[in-house]
Amino acid sequence: MDTPLRVTIGVAPPPRLDKALARDVPDEAALSRTRLSRLIAEGAVRRGDEILTDPKARVAEGDVIDILVPEAEDSHIGPEDIPLEIVWEDADLVVVNKPAGMVVHPAPGTPTGTLVNALLHHFGGALSGVGGSRRPGIVHRIDKDTSGLLVVAKSDRAHHGLAAQFEAHSAERAYMAVVNGVPDPGDPRLRGIRGVSMEPGSVIRIQSGLGRHRTDRQRQAVSFDGQGRHAVTRARVLETFGTPPALALVECRLETGRTHQIRVHMAHAGHGLVGDPTYGGRRKLPASALGAPAMAAVAGFDRQALHAALLGFDHPVTDEHLTFDAPLPDDMSALLAALRGTS
């Protein structure tokens, strides 16, 4: 059943209907500006007997606006009983530690078995809806074969607030990666690569445009000609392996969050991720530097060695700052143990 909502336009409103409603609709209604614009276009907004379908319609202080909010529809995506590691959850959002091998959202090649399918089962109908549909609100993604932390919205209000933080790059995200070679800030080769610069604390900053590869549509590529989306990654070496060092554990922090960003940027810097099948992570390593057990562990690692280890953001409803961390999964822990010569 549709739910009527009455809004009285407050003092000194924005002149446009959509902006005035976005300001004056109560927070508990959980209606984002995008959702309000859709309701206006659908003829669900009235001022007296007048149906308002123009988002630019002028409004004045004291106008009484009625909004007929349709009940959230069930998603076309089916729930599936797939185990999940829930790190934190409340009425507005959920933080999940995604395993490697799980796709986040259904797509033509992977219509089932995704994180969204699993979340729909987990929620069991207790989902207020995003954009008029009872579905989880995905505000950021990590690759299928990357493990780690994701926050997912359970309501329009949470989705809007989280999306704004990711768009403003204010959410904190740190990844652990095992890379080929050792990114040394003092290396003249590294300093000579376009888009690479150094920051205090031995931090390597990589900045470029990032977009689809011109000939291989499954890959992303850096660009410096105004093409692609602005992307910035900061990397810092935490540990090195081998004598002389041949691999490194690196912390990568995202200022932006583009598709394959860390994988592409580290490969651009000449330090592709171990196990990365797309961006050249299967480099031939010197056996004398690592030893047979470590070499075998690297050769047998069958995904990019990348884990979303830390996630921080402001709760979109309570404004509380939340920070979560997820330990390395078993496969990356075993890889590091072998590289340290302890397995």
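Predicted model, so just to flag it, every value in this text is computed and none were measured. (Residues numbered from 1 in each chain as written. Predicted model: local features only at pLDDT ≥ 70, side-chain atom pairs only at ≥ 80, totals over all residues. Heavy atoms only, no water.)

S.K.: Help me understand the nonpolar core in this model?
M.R.: Nonpolar side chains in soluble globular proteins tend to be buried together. Ranked by size, the top nonpolar core spans 33 residues in total, and within it Y175, I262 and M266 carry the most contacts. Where this core is concerned, the elements lending two or more residues are β7 (93-98), α3 (115-123), β10 (147-153), β11 (172-180), β13 (203-212), β16 (247-254), α6 (261-268) and β17 (306-314). Ranked by the residues each element gives to this core, the list is headed by α3, at five residues. Not counting the four nearest positions on each side in its chain, Y175 is found in contact with I142, T146, V250, E251, C252, L254, I262, L306, H307, A308 and A309. (Core = buried A, V, L, I, M, F, W, Y, C linked by side-chain atoms within 4.5 Å. Buried < 20%, exposed > 50% of the residue type's maximum accessible area, 1.4 Å probe, protein only. Helix = DSSP H or I, 4+ residues; strand = E, 2+ residues; numbered from the N terminus. Contact = heavy atoms within 4.5 Å.)

S.K.: Would you explain the side chain of R173 in this entry?
M.R.: Structurally, the position occupied by R173 is in strand β11. For the buried R173, no salt bridge is present, and the opposite-charge side chain at shortest range is E172, 9.8 Å distant. Look past the residues within four positions of R173 in its chain and what remains in contact with it is H140, F166, C252, R253, L254, T256, G257, L310 and L311. (Lys, Arg positive; Asp, Glu negative; His and termini not counted. Salt bridge = Lys/Arg side-chain N within 4 Å of Asp/Glu carboxyl O.)

S.K.: Would you take a moment to explain the pairing of β10 for this structure?
M.R.: Residues in a regular strand project their side chains so that they alternate between the two faces of the sheet. The buried fraction of β10 amounts to seven of the seven residues, a majority that puts the element mostly inside the structure. Pairing analysis gives two bridges linking strand β9 (residues 137-138) to β10, with the strands arranged antiparallel. Counterpart to I138 in the pairing with β10 is V152. Inspection of the sheet shows β10 paired to β17 by two bridges, in the parallel sense. Across the sheet, residue G148 finds its bridge partner in β17, namely A308. (Pairing = 2+ DSSP bridges.)

S.K.: Where do I start with unusual backbone geometry in this structure?
M.R.: For residues other than glycine, phi is negative in most cases, and the peptide bonds are mostly trans. Cis geometry is found at the peptide bond from T243 to P244, where omega equals 0 degrees. With respect to the secondary-structure elements, P244 resides in the loop between β15 (229-241) and β16. Positive phi, normally seen in glycine, also occurs at S202, with a value near 60 degrees. Inspection of the secondary structure assignment puts S202 in the loop between β12 (196-199) and β13. One non-glycine residue, H260, adopts positive backbone phi at about 60 degrees. As for its position among the elements, H260 is in the loop between β16 and α6.

S.K.: Any chance you could explain helix α4 (residues 156-167) here in plain terms?
M.R.: Quick reminder: α-helices carry 3.6 residues per turn. Residues three or four places apart thus point the same way. Relative to the 16 Å expected for 12 residues at 1.5 Å per residue, α4 spans 16 Å between its end C-alpha atoms, a close match to the ideal helical length. Taken residue by residue, α4 has D156, A158, G161, L162, Q165 and F166 as its buried positions. Measuring from the backbone nitrogen of A158 back to the side-chain oxygen at the start of α4 gives 3.2 Å, which picks out S155 as the cap. One or two residues past the end of α4 sits H169, with phi positive at roughly 60 degrees. (Expected span 1.5 Å × (residues − 1). Polar contact = N/O pair within 3.5 Å; in protein donor to acceptor, adjacent residues only side chain to side chain.)

S.K.: Would you mind going over the pattern of salt bridges with me for this structure?
M.R.: Any two side chains of opposite charge can pair, so long as their charged atoms come close to each other. Evaluation of the coordinates by the stated rule reveals 18 salt bridges. The residue E50 makes a salt bridge to R47 at a minimum N-O spacing of 3.4 Å. Across the salt bridge formed by R253 and E251, the nearest N and O atoms sit 3.3 Å from each other. R253 sits in the partly exposed class, given a relative accessible area of 29%. Its relative accessible area of 12% is what places E251 among the buried residues. Within the structure, one salt-bridge network assembled from shared partners comprises E172, R236, E251 and R253.

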